Amino acid sequence: MLRYFIRRLLAAAVILLVITVITFVIFYALPSDPALLACGKTCSPSRLVEIKHSLGLDRSFLAQFWEFFKGLFLGRDYGDQSVRVHCGAPCLGISFQTDTPVLTTLLSDFPADLSLGLGAAVAFVILGVGLGMVAAVRRGRAADKAAVGLALVGVSVQIYFIGLLLLYVFVDKWQILPASGYTPITQDPAAWFQGLILPWATLVIVYLAMYTRLTRSSMLEVFAEDYMRTARAKGLPARKVVLKHGLRAAITPIITIFGMDVGSLIGGSAVITESVFGINGIGKLAVDSVQNSDLPVILGTTLFAATFVVLANVVVDVVYGLVDPRVRLA
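Residues numbered from 1 in each chain as written. Predicted model: local features only at pLDDT ≥ 70, side-chain atom pairs only at ≥ 80, totals over all residues. Heavy atoms only, no water.

### Quick look at the overall build of the chain
Okay, step 1: The secondary structure content of the chain amounts to 14 helices and two strands.
Okay, step 2: Expressed along its principal axes, the backbone C-alpha trace of the chain runs to roughly 85 × 55 × 35 Å.
Okay, step 3: Burial status across the chain gives 40% buried among its 330 residues.
Okay, step 4: Of the accessible surface of the chain, which amounts to about 18000 Å², a share of 66% is contributed by carbon and sulfur atoms.
Okay, step 5: Positive and negative side-chain charges in the chain, numbering 27 and 21 respectively, have mean positions lying 16 Å apart. (Helix = DSSP H or I, 4+ residues; strand = E, 2+ residues; numbered from the N terminus. Buried < 20%, exposed > 50% of the residue type's maximum accessible area, 1.4 Å probe, protein only. Areas by Shrake-Rupley, 256 points an atom, 1.4 Å probe, with all protein chains shown as cover. Lys, Arg positive; Asp, Glu negative; His and termini not counted. Charge placed at Lys NZ, Arg CZ, Asp CG, Glu CD.)

### Observations concerning the nonpolar core
Okay, step 1: If you look at the biggest cluster of nonpolar residues, it comprises 74 residues, and the most contacted ones within it are Leu92, Phe124 and Met219.
Okay, step 2: Counting contributing residues per domain, this core is built from domain 1 (31–91) and domain 2 (103–327), each supplying no fewer than three.
Okay, step 3: Sequence-distant contacts of Phe124, that is, excluding residues within four places in its chain, are made with Val129, Leu203, Val204, Tyr207, Leu208, Tyr211, Phe258, Asp261 and Leu265. (Core = buried A, V, L, I, M, F, W, Y, C linked by side-chain atoms within 4.5 Å. Domains from an automatic or database assignment. Contact = heavy atoms within 4.5 Å.)

### Topic: the pattern of salt bridges
Okay, step 1: A complete count under the given rule lists six salt bridges for this structure.
Okay, step 2: Put simply, Lys70 and Glu67 hold a salt bridge, and the shortest N to O gap is 3.6 Å. Here Lys70 and its partner Glu67 are both found in helix α4 (residues 61–74), three residues apart, which amounts to about one turn of the helix.
Okay, step 3: For Glu67, a relative accessible area of 18% corresponds to the buried category. (Salt bridge = Lys/Arg side-chain N within 4 Å of Asp/Glu carboxyl O.)

### Observations regarding the state of the cysteines
What is meant by a disulfide is a covalent connection between two cysteines, made through their sulfur atoms.
Okay, step 1: The full count for this structure, using the stated rule, is one disulfide.
Okay, step 2: Covalent S-S linkage joins Cys87 and Cys91, the inter-sulfur distance amounting to 2.2 Å. With the S-S bond torsion at 110°, the cross-link from Cys87 to Cys91 turns out right-handed. One exposure class covers both Cys87 and Cys91, and it is buried. (Disulfide = S-S within 2.5 Å.)

### Describing the packing of helix α12 (residues 282–291) against helix α13 (residues 295–323)
Okay, step 1: Interhelical geometry of α12 versus α13 gives an angle of 150° and a closest axis separation of 9 Å. As judged from the angle between their axes, α12 and α13 are roughly antiparallel. Considering how the two elements wind past one another, α12 and α13 form a crossing that is left-handed. Note on element contacts: α13 touches α12 through Val297, Ile298, Thr301 and Phe304, opposite Ile282, Leu285, Ala286, Ser289 and Val290.
Okay, step 2: For the contact of α12 with α13, the residue count by class is seven nonpolar, two polar and no charged. (Axes fitted to C-alpha atoms, helices over the stretch in contact; angles between N-to-C directions. Parallel < 35°, antiparallel > 145°, perpendicular 65-115°, else oblique. Left-handed = near helix turned anticlockwise from the far one by under 90°. Nonpolar A, V, L, I, M, F, W, Y, C, P; charged D, E, K, R; others polar.)

### Things to note about the environment of Leu177
Okay, step 1: Looking at the element boundaries, Leu177 is found in the loop between α7 (159–173) and α8 (189–223).
Okay, step 2: It is 48 Å that separates the C-alpha atoms of Leu177 and Lys70, two residues lying 107 residues apart in sequence.
Okay, step 3: For Leu177, the residues in contact, after removing those within four places along its chain, are Phe170, Val171, Ile197 and Leu198.

### Examining the UniProt feature "transmembrane region" (unreviewed entry) in the chain
Okay, step 1: Mapped onto the present numbering, the UniProt feature "transmembrane region" (unreviewed entry) falls on residues 9–30, 116–137, 149–171, 191–210, 249–277 and 297–323.
Okay, step 2: The straight-line gap between the two end C-alpha atoms of residues 9–30 is 32 Å; of that span, 95% is helix and 0% is strand.
Okay, step 3: Taken end to end, residues 116–137 has its terminal C-alpha atoms 32 Å apart, with 100% of it in helix and 0% in strand. (UniProt positions renumbered as here; feature names shortened; annotations may be inferred.)

### Focus on the packing of helix α1 (residues 2–29) against α13
Okay, step 1: Between α1 and α13, the least distance of the axes is 10 Å, while the angle of their chain directions is 160°. By the criterion of interaxial angle, the relationship of α1 to α13 is roughly antiparallel. α1 and α13 meet at a crossing whose hand is right-handed.
Okay, step 2: Residues that form the contact of α1 with α13 fall into these classes: 18 nonpolar, five polar and two charged.

### Here's the deal with the environment of Thr307
Okay, step 1: You can see Thr307 is positioned in helix α13.
Okay, step 2: The spatial distance from the C-alpha of Thr307 to the C-alpha of Leu295 is 18 Å, given a sequence separation of 12 residues.

### Some thoughts on the packing of aromatic side chains
Okay, step 1: The tally for this structure, following the rule as stated, stands at 16 aromatic pairs.
Okay, step 2: Seen in terms of ring centroids, Phe65 and Phe69 are 6.0 Å apart; in terms of plane orientation they differ by 20°. Their pairing is stacked. Here Phe69 and Phe65 lie together in helix α4, a separation of four residues that amounts to about one turn.
Okay, step 3: A relative accessible area of 16% places Phe65 in the buried class.
Okay, step 4: Phe69 gets classed as partly exposed once you look at its relative accessible area, which sits at 22%.
Okay, step 5: Grouped by ring-pair contacts, the aromatic residues Phe24, Phe61, Phe65, Trp66, Phe68, Phe69 and Phe73 constitute a single cluster. (Phe/Tyr/Trp six-rings, centres within 6.5 Å; stacked < 30°, edge-to-face > 60°.)

Printed below as a string of structure tokens:
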């Protein structure tokens, strides 16, 4: 198992290196001039030359990439001898808008994404798998039709519609919840929970449909296998047949999708939800950086999100090895 885990970590490191190269190439090939963006509207030619030199933009592409890559592990310095700013490792650059390290900004917004992503993921995977199992066991009955209908509704609606509808009903009309927004859990746990109820509910409604349908179809395929009929013929309790034999065999595709969803949500993919509910997360930060042409922040948010997606894949591979020993042996 240890060798299997090490192989997956090495593969993840290679993938992250390739993503870093591609992202930096795109960053370098953009038609806009980062020095001109950092200099502002009233920028003299001499000042533009100084900014290019301080940011290292007057060097070749390979030299710039090496400085950026080295900064991820050792940090780097910006500026000249008179004014020098140190960016500690891992250095993702300095924001053009705020003149602060990109990593500092990402870490300040990360708790919001972590709370939003993990809370919603735990809810929709438990509810989705549960509804999918009920639909598969009660195939063709009222419970199955209700679960499939609920899944169809969830697939059809969009996040911005559900989010605004929930805000109107629970905040404006009934006034049973406060206006949404993120409050750190260390500051006020009650306000943290209340502010995330509606964002969690929005993501659960949208993602619940996929997990319900996926669990139902996987369970129905497993129920048709010979060993399931053998388990029933032995007289095993129905609960044991469904949970121990059926769910364990059907859980593999669910683990795959769940790992990807958790990684992307924590990495800031819930940008629409953050925008609707006024949550200052990494997704909203990425949109704002694109609007402000803050290229270092764009580069940093891209690498940050990619890191979590790749790490989620590593975790999924390890869980595969625990659930199915054939994966380790292969």
